Amino acid sequence: MVVVGAGHAGCEAALASARLGLDTILFTVSVDSIALMPCNPNIGGSSKGHLVREIDALGGEMGINIDKTFIQSKMLNRSKGPAVHSLRAQADKADYSREMRQTLQRTKHLTIRQAEVSEILTEDDLSDQKSAENMRKQIAAVRTVSGAMYFCRAVILCTGTYLKARCLTGEMISYTGPNGLMAANYLTDSLVAHGIEMYRFKTGTPARIDKNSIDFSKMEEQKGDETIVPFSFTTNPEDVQIDQVSCWLTYTNERTHEIIRKNLDRSPIYAGVIEGTGPRYCPSIEDKVVKFADKNRHQIFLEPEGIHTNEMYVGGMSSSLPEDVQYEMYRTLPGLENAKIVRNAYAIEYDCINPNQLNATLEFKAIRGLFSGGQFNGSSGYEEAACQGLVAGINAAMQIKGREPLILDRSEAYIGVLIDDLVTKENHEPYRMMTSRAEYRLILRQDNADLRLTRKGYEIGLISEERYQAVCRKEQEIREELSRIAKVRIGAGREVQALLESYGSIPLNTGISLAELIRRPELDYEKLAPIDPERPSVSPGAAEQININIKYEGYITRQKKQVDQFRKIEKKKIPEGFDYDEVPSLRIEARQKLKLYQPSSIGQASRISGVSPADISVLLVYMEQLRRKQML
Amino acid sequence: MSSDTIAAVATAMMGAGIGIVRISGDQAVETADQIFRKKGGGALREQESHTIHYGTIWDSGEMIDEVMVLLMRAPRSYTREDTVEIDCHGGVYVTKRILEAVIRHGARIAEPGEFTKRAFLNGRIDLSQAESVMDVIQAKNKLALNNSVRQLSGMLSKEIQEIRSVILHEIARIESALDDPEHMSLDGYSDFLQKIVSEQEQKIRRLLAGSENGRLLREGISTVIVGKPNAGKSSLLNALLGEERAIVTNIAGTTRDTLQEQMNFNGILLNVTDTAGIRRTEDAVERIGVERSKQHLADADLAIYVADASTKLDENDFEILDLLTGHKVIILLNKSDLPAVTTEEEIAAVVRARIRSEEEDWNLRIFSFSAKEGEGMERLEHAVQEMFFSGEISFDQEVCITNVRHQSALSDALASIELVKQSIADAMPEDFYSIDLMNAYEKLGTIIGESVEDDLVNEIFGSFCMGK
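Residues numbered from 1 in each chain as written. Chains lettered and ligands numbered in written order. Predicted model: local features only at pLDDT ≥ 70, side-chain atom pairs only at ≥ 80, totals over all residues. Heavy atoms only, no water.

What follows covers the overall build of chain A. Summing up its helical and strand segments, chain A has 20 helices and 24 strands in all. A compact globule built from 632 residues would reach a C-alpha radius of gyration of about 26 Å, and chain A, at 26 Å, matches this within 12%. Viewed in the frame of its principal axes, chain A has a C-alpha envelope of about 85 × 85 × 50 Å. A total of 632 residues make up chain A; the buried ones form 62% of that total. Summarising the internal contacts of chain A: among those between residues at least 6 apart in sequence, 73% fall at separations of at least 24. (Helix = DSSP H or I, 4+ residues; strand = E, 2+ residues; numbered from the N terminus. Rg over C-alpha atoms; globule rule 2.2 N^0.38 Å. Buried < 20%, exposed > 50% of the residue type's maximum accessible area, 1.4 Å probe, protein only. Contact = heavy atoms within 4.5 Å.)

Quick look at the structure:
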């Protein structure tokens, strides 16, 4: 197995592959920048926290690694419903990177190699006989810049933002990857030569400012949670109750905005120098000032990059303005009057692919054995990258072992939503996960990722027997307690009324079911323990599930019904190589789109824009016709 | 595959004959049981397969019609699913009301071609017919789609778009705050949302009330009034509208110079378009109006040709008569205060000479009419009824079905909005609101033929500043 790139996707891919027993080589342009966090210094956040939990439940590394290296942690959206609670941790970047490197080094079957991969080679490339034009090619090897060949059965491309990268700070352009690291300038050409369609995307990062030059007394302190919840289901909560480091909040003002407006002509984006498409959810401060002109201030967070560095990340203020303008604008912020910049803000442009060329397994439709993950697939974010790397690594390994691939659907995981969006929908900007993209989010919670996915991780071989058994026990605990509660009725006794009163809850007129009481907003499962004498001892994890299941039962039941409908057509598979030209009555637009996307199921087909419900009906009838003909 | 319960009208919606509403699926019998009262008592579900039952259909405490109900259990039915057929006395309104009652009690309206599709998928239709099944599905969909869009008035579509954009904006507000809780707060938001959803609820209720009167779509027999300028077209329309029998609702004209009115002729809905007078003209603006009149005529089910009794038939009349070839026509001779110079017999002679001379038994309907004295109105009404009940002119069934479809989408949207209000009342967290708001948004979208796609993500990024 060859993995190209040792960022968050590449690390997960290599670990999964090696842990599944395949000899794996991980290429990076710099072994000193493994699992580098070139932008924000945190892991998790809204919906991204869900991804980390899911990675963990499938046997990935990100959750464990951040639990070992975080310096502050917060559960976001605590006042909202459980579906949108999201864990976010500030990382010590250097520790995060070092810790991940050590894990890779300790893993059997895994080799780390510093070299730039410049070419992919298929069996056709290595033989004199060419297979037919429309035949699927098979990956056979990669070649590095030095000319060395590495023969392999699968390749996973996780090149991040390095392909033909260039960084822009005002008029200054440097042809490097992030942080001045070497760009990879050859691989794109080889991919294009193999018929792969490339996109050009851009993103950006703010300046890092010397902590010693900041006057924190003019900013609001942002502390971590008092009780810290770990990311990984395997981390003991007691081990993560550390002393935390604070972040700081300040604001831009009219002066900041004026400086930006005055210098817009020197911004490479507004001057038209940048050709790549940037993410709308992560706008530069220039974008914010221009697009939301009526806002007279924007929030800016100062976040430490680690314990052993003086650098502070200026969250909310990424920019590609020239260095002198950067000084001027950052110094308008309260507390940053005397700020010293350690690293400039910059925008970065890079090559990535149109991910519609991939199957839901993250394998290229046109080349067997070629997989990819991360920003190379047009996504954005460490967590989005890591989960794709994990899925690509698992599926490449499953293919080599001749086993069933891992495809998560939209009702099973955020990872499923993310990959389905990437491979099925048109994507014109770096893709970021959001809870609103998950239509079944009441079911896809971060708190139940273990219940949803541990079994799959176990079947794949990345989860230990012990861990799997623990989840089975938790499941059983929840099931038994829920069925017990369904039968418990509470009378209007004195003890009950006193307890209700103590929580400001309306007293009972008559008997009521225990579930009914749990549903009251001011009460919950734990609070009612004193009036529920038959209650067995229940683990905190199971108690949380019981509470959520009862409190939001109506909503969850409705969503489960929708999921049943969804799965019905999701289960209808379309065979590989299905010939849409043979289907009569398909509208032309639908036929073209279906041929282009080659959906793997009727469900996926129905989500392609330009394919109507009538086309889906026609497809169903045609497939039934095929089935009956085969029976004859 | 999916075995949810579907319903449709299985007969043409004409004045004559019986109307059949067909229900198919797991819940077909239960659905029918909720609205059918069998004579002599007892529920359908207790009956043998392939039996016929006499009784009445009830909805909201009101008896709709006396009917015969056929019960066919799976697999011995067309779709190989449990099937119930309700045969009523016909009449567009009765058939439609029964369909509405069935939809309200758990079935959903069938997609075009869906009965045939199920019949095939369940093995009822022979393999050799698969291709024609696919053709039927695609063709019926195309027809329904065309109708749905064509029949939708600009005003309705605008109103739905407005409601949708308000809803979408609120979803985006909630989602932005969830995505970036440190930038956006939702404190006190539920009171604000409560007000907004109540307003949207009222709007949807109004649309729903309108749809129940068949006002949402131009349901009915598409009728045009043609004639040369000043022949008396407008006085005819005014006379029709001035009468008690004409229940009139205004529908904003789709074109600048055509006015459309809907009226009920003893239970037969007419969509009447008053067109610009047709004549040869050099005036560019007027010529556009004339062209448009011709277009309306081409699309119409029924044409009412108004001729002026006070002038001789001229070139312009002849041209109109030529245009009328192949149409169902009623000819009215408008008697003004001026002395009459053209008679019914004269017109009849011209008509016979110029149009449809090949049809010998053509039933020519020509009579005089006077807007002032109300003369001829009864004959007109009678003529329309006769043509309708003989099947000479018929109701556009697709429009009728589309209307029921829209009604059910509006009801669903309303139910989702009510759930949002309930969630607010129950002090649920804000993320629960957006789930039902999204459902309402989707349902409303089906009426104007718009899906969700990336609307939300675009709205979030377009309206709310977020991100690092």
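Past the structure itself, the notes keep going.
Before going further, it helps to examine a nonpolar patch on the surface. Together, I173(A), Y175(A) and V273(A) line one region of the surface with nonpolar side chains, adding up to about 280 Å² of accessible area. Judged by its relative accessible area of 58%, Y175(A) is exposed. (Patch = residues over 30% accessible without salt bridge, like charges linked within 9 Å, V, L, I, M, F, W, Y side chains within 5 Å. Areas by Shrake-Rupley, 256 points an atom, 1.4 Å probe, with all protein chains shown as cover. Salt bridge = Lys/Arg side-chain N within 4 Å of Asp/Glu carboxyl O.)

Let us look at the interface of chain B and chain A. On the chain A side, the residues contacting the 51 residues of chain B number 61 residues. Across the interface of chain B and chain A, roughly 4800 Å² is buried in total on both sides, 59% from carbon and sulfur atoms. One can count 5 salt bridges joining chain B with chain A. Where chain B packs against chain A, one counts 19 residue pairs in polar contact (both at pLDDT 80 or more). Counting residues per element, the ones that place at least two in the side of chain B that touches chain A are α3 (114–121), α4 (130–151), α5 (154–179), α12 (397–425), α13 (430–447) and α14 (455–463) of chain B. Examining the composition of the side of chain B that touches chain A, we find that 8 residues originate from one element, α4(B), more than from any other. Grouping the amino acids of the side of chain B that touches chain A by side-chain chemistry returns 25 nonpolar, 13 polar and 13 charged. (Buried area = accessible area lost by both parts, 1.4 Å probe. Polar contact = N/O pair within 3.5 Å; in protein donor to acceptor, adjacent residues only side chain to side chain. Nonpolar A, V, L, I, M, F, W, Y, C, P; charged D, E, K, R; others polar.)

Under the defined criterion, the tally for this structure stands at 11 aromatic pairs over all chains. Their ring planes at 80° and their centres at 4.8 Å tell us that F27(A) and Y150(A) sit as a pair that is edge-to-face. Here F27(A) is found in strand β2 (residues 24–28), whereas its partner Y150(A) is found in strand β9 (residues 149–151), with 123 residues between them in sequence. Both residues of the pair, F27(A) and Y150(A), count as buried. Members of the aromatic cluster, joined through ring pairs, are Y552(A), Y555(A) and F432(B). Over the aromatic face of Y431(A) sits the side chain of R437(A), whose NZ or CZ is 4.1 Å from the ring centroid. (Phe/Tyr/Trp six-rings, centres within 6.5 Å; stacked < 30°, edge-to-face > 60°. Lys NZ or Arg CZ within 6 Å of the ring centre and 35° of its normal.)

Any two packed helices are characterised by the angle at which their axes cross and by the distance between the axes. Between helix α17 (residues 553–570) of chain A and α13(B), the shortest axis-to-axis distance is 12 Å and the interhelical angle comes to 40°. The orientation of α17(A) with respect to α13(B), classified from their angle, is oblique. The two elements α17(A) and α13(B) meet at a crossing, and its hand is left-handed. Residues Y555(A), R558(A), Q559(A) and Q562(A) of α17(A) lie in contact with α13(B), whose contacting residues are F432(B), I435(B), D436(B) and N439(B). (Axes fitted to C-alpha atoms, helices over the stretch in contact; angles between N-to-C directions. Parallel < 35°, antiparallel > 145°, perpendicular 65-115°, else oblique. Left-handed = near helix turned anticlockwise from the far one by under 90°.)

Residues and elements named next belong to chain A. Scanning the model with the defined rule gives 66 salt bridges over all chains in all. Between K48 and E384 there is a salt bridge, with its nearest N and O atoms 3.3 Å apart. Residue K48 is located in helix α2 (residues 48–58), and its partner E384 is located in helix α10 (residues 382–401); the two are separated by 336 residues in the primary sequence. The burial state of K48 is the same as that of E384; both residues are buried. A salt bridge links E54 to R452; the shortest N-O distance between them is 2.8 Å. You can see E54 sitting in helix α2 and its partner R452 sitting in helix α12 (residues 449–460), a full 398 residues away along the chain. Classification of E54 as buried rests on a relative accessible area of 0%.

This part covers helix α13 (residues 465–487) of chain A. All names here are of chain A. Compared with the 33 Å implied by 1.5 Å per residue over 23 residues, the 34 Å span of α13 between its first and last C-alpha is a close match. Among all positions in α13, only R467, Y468, V471, K474, I478, E481, R484 and I485 are buried. In this structure, the buried residues of α13 make contact with α2, α12, α15 (514–519) and α16 (540–551). (Expected span 1.5 Å × (residues − 1).)

Right, let's get into the packing of α12(A) against α13(A). All names here are of chain A. Direction vectors running N to C along α12 and α13 enclose 145°, while the axes themselves pass 10 Å from each other. Crossing angle aside, the handedness with which α12 passes α13 is left-handed. Contact residues: D450, L451, T454, R455 and Y458 in α12; E465, R467, Y468, V471, K474, E475 and I478 in α13. Class assignment of the residues belonging to the contact of α12 with α13 gives a composition of 5 nonpolar, 1 polar and 6 charged.

This part covers the side chain of S97(A). As for its position among the elements, S97(A) is in helix α4 (residues 93–106). For S97(A), the residues in contact, after removing those within four places along its chain, are I34(A) and A35(A).

Residue and element names in this part refer to chain B. The element strand β2 (residues 19–24) is largely enclosed, with a buried count of 5 among its 6 residues. Bridge count between strand β1 (residues 6–9) and β2: 4 bridges; the pairing is antiparallel. Each residue of the ladder has a partner; that of A7, found in β2, is I23. Two strands pair when backbone bridges link them, and β2 and strand β6 (residues 83–88) are joined in this way by 6 bridges, in the antiparallel orientation. The residue bridging I23 from the neighbouring strand is V84, located in β6. (Pairing = 2+ DSSP bridges.)

Our next topic: the environment of K474(A). Position of K474(A) relative to the elements: it lies in helix α13. Classification of K474(A) as buried rests on a relative accessible area of 14%.

The next thing to look at is helix α2 (residues 92–104) of chain B. Structurally, the α-helix is built with 3.6 residues per turn, so residues lying three or four positions apart point the same way. All names here are of chain B. Look at α2: 18 Å from first C-alpha to last across 13 residues, which is about the 18 Å you get at 1.5 Å a residue. When α2 is considered as a whole, its buried residues turn out to be V92, T95, K96, I98, L99, E100, A101, V102 and I103. Phi turns positive one or two residues past the end of α2, at G106, with a value near 115°.

All names here are of chain A. Ordered by their spatial adjacency, 6 strands build an open sheet running β15-β16-β17-β18-β14-β19, and the pairing between neighbours is antiparallel. Of all strands in the sheet, those with a lone pairing partner are β15 (220–222) and β19 (341–343), marking the two edges. In this sheet, adjacent strand axes meet at a mean angle of 35° when their direction is disregarded. Summarising the sheet, strand β17 (residues 299–304) and strand β18 (residues 311–315) pair through 4 bridges and their orientation is antiparallel. Directly across from L302, in β18, lies its bridge partner V314.

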